[in-house]
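Observations on chain architecture
The chain contents come next:
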Amino acid sequence: MTKVTMTVNGKSVSAEAEGRTLLVNYLREGLGLTGTHVGCDTSQCGACVVHVDGKAVKSCTVFAMDVAGSEVRTIEGMANADGSLGVVQQAFQDHHGLQCGFCTPGMVMTTAALLANNPKPTEAEVRHELEGNICRCTGYHNIVKAVLAASGQDAGAMAAE
Ligand code: FES
Ligand code: FES
């Protein structure tokens, strides 16, 4: 075991990790940040998405050691400073972009990275960017609405499901 240090949600943190420890396990078990979920063992579901140096990354696909020294952001870092929901989180709540909520942390993190790169995506672009995030409950319609609303666009213009 080696001590691995990185910045998570703006704070320098350290936890013990083996060479094979995945970032998702480092976050969940090493740091207790269980908002990042594990929904598969095939790197397909996207429930584990976090930001590493500003990029959306499936945290089950990288070793913690390989991102030592990086800036990592997790769902726990997405609220406003006063504890209220951040813009993307609020849009998911307002537009019923979740049911069981298991996929939601990954959806929110992917959405935040998408909007940082493309502040006004089209519906087609949103659907394309969310391809790596699987939701087993919602049928995606309200998730896409939430993403458009988070970008300040009129989600009401979307065709009914
Ligand atoms: S747990 Fe990472 S993609 Fe499913
Ligand atoms: S809300 Fe249940 S998996 Fe997406």
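Looking at an unreviewed UniProt entry, one finds the chain named (2Fe-2S)-binding protein, with Pseudotabrizicola alkalilacus as its source organism.

**Here we look at the overall build of the chain**
Helix and strand content of the chain: five helices and five strands. Secondary structure of the chain in N-to-C order comes out as β-β-α-β-β-β-α-α-α-α. Here the C-alpha radius of gyration of the chain, 16 Å, is about what a compact globule of 161 residues would show, namely 15 Å. A principal-axis box enclosing the C-alpha atoms of the chain has dimensions of 55 × 35 × 25 Å.

**Thoughts on the domain arrangement of the chain**
The assigned domain composition of the chain is domain 1 (2–76) and domain 2 (87–153). Between domain 1 and domain 2, the C-alpha centre-to-centre distance is 21 Å. Listed as interface residues are 16 residues of domain 1 and, on the opposing side, twelve residues of domain 2. Among the elements that take part in the side of domain 1 that touches domain 2, strand 3 (residues 49–52) stands out by supplying three residues, more than any other. Partitioned by chemical class, the residues of the side of domain 1 that touches domain 2 number seven nonpolar, eight polar and one charged.

**Here we look at helix 5 (residues 141–150)**
Burial within helix 5 is extensive, with nine of its ten residues counted as buried. Those residues of helix 5 hidden inside the fold are in contact with helix 2 (87–94), helix 3 (104–117) and helix 4 (123–129). Of the residues flanking the end of helix 5, it is Gly 152, one or two places downstream, whose phi is positive at about 85°.

**What about the packing of helix 2 against helix 3?**
Helix-helix packing: each pair is described by the crossing angle between the helix axes and the interaxial distance. Contact geometry of helix 2 with helix 3 gives a least axis separation of 9 Å together with a crossing angle of 125°. Judged by the angle between their axes, helix 2 and helix 3 are oblique. Crossing handedness for the pair helix 2 and helix 3: right-handed. Between helix 2 and helix 3, the contacting residues are Val 88, Gln 89 and Phe 92 on the first element and Thr 104, Val 108, Thr 111 and Ala 112 on the second.

**Notes on the environment of Ile 143**
Along the chain, the position of Ile 143 falls in helix 5. The buried category is assigned to Ile 143, around which 27 C-beta atoms lie within 10 Å. For the pair Ile 143 and Asn 133, spaced ten residues apart in sequence, the C-alpha separation works out to 11 Å. Not counting chain neighbours up to four residues away, the residues in contact with Ile 143 comprise Gly 97, Met 107, Leu 130, Cys 135 and Thr 138.

**Details of unusual backbone geometry**
For residues besides glycine, phi is generally negative; the peptide bonds are generally trans as well. Even without glycine at this site, Asn 9 takes up a positive phi of about 50°. Position of Asn 9 relative to the elements: it lies in the loop between strand 1 (2–8) and strand 2 (11–17). Here Asn 9 falls in the partly exposed class, since 18 other C-beta atoms lie within 10 Å of it. The phi dihedral of His 96 falls on the positive side, at around 55°, and the residue is not glycine. The topology assignment puts His 96 in the loop between helix 2 and helix 3.

**As for the packing of helix 2 against helix 5**
Interhelical geometry of helix 2 versus helix 5 gives an angle of 135° and a closest axis separation of 8 Å. With respect to each other, helix 2 and helix 5 are oriented oblique. Remark: the crossing between helix 2 and helix 5 carries right-handed chirality. Within the contact between the two elements, helix 2 uses Val 87, Val 88, Ala 91, Phe 92 and Asp 94 and helix 5 uses Ala 146, Ala 149 and Ala 150. Per-class residue counts for the contact of helix 2 with helix 5 are seven nonpolar, no polar and one charged.

Criteria and cut-off values
Residues numbered from 1 in each chain as written. Chains lettered and ligands numbered in written order. Predicted model: local features only at pLDDT ≥ 70, side-chain atom pairs only at ≥ 80, totals over all residues. Helix = DSSP H or I, 4+ residues; strand = E, 2+ residues; numbered from the N terminus. Rg over C-alpha atoms; globule rule 2.2 N^0.38 Å. Domains from an automatic or database assignment. Contact = placed C-beta atoms within 7 Å. Nonpolar A, V, L, I, M, F, W, Y, C, P; charged D, E, K, R; others polar. Buried ≥ 20, exposed ≤ 12 C-beta atoms within 10 Å, placed from the backbone. Axes fitted to C-alpha atoms, helices over the stretch in contact; angles between N-to-C directions. Parallel < 35°, antiparallel > 145°, perpendicular 65-115°, else oblique. Left-handed = near helix turned anticlockwise from the far one by under 90°.

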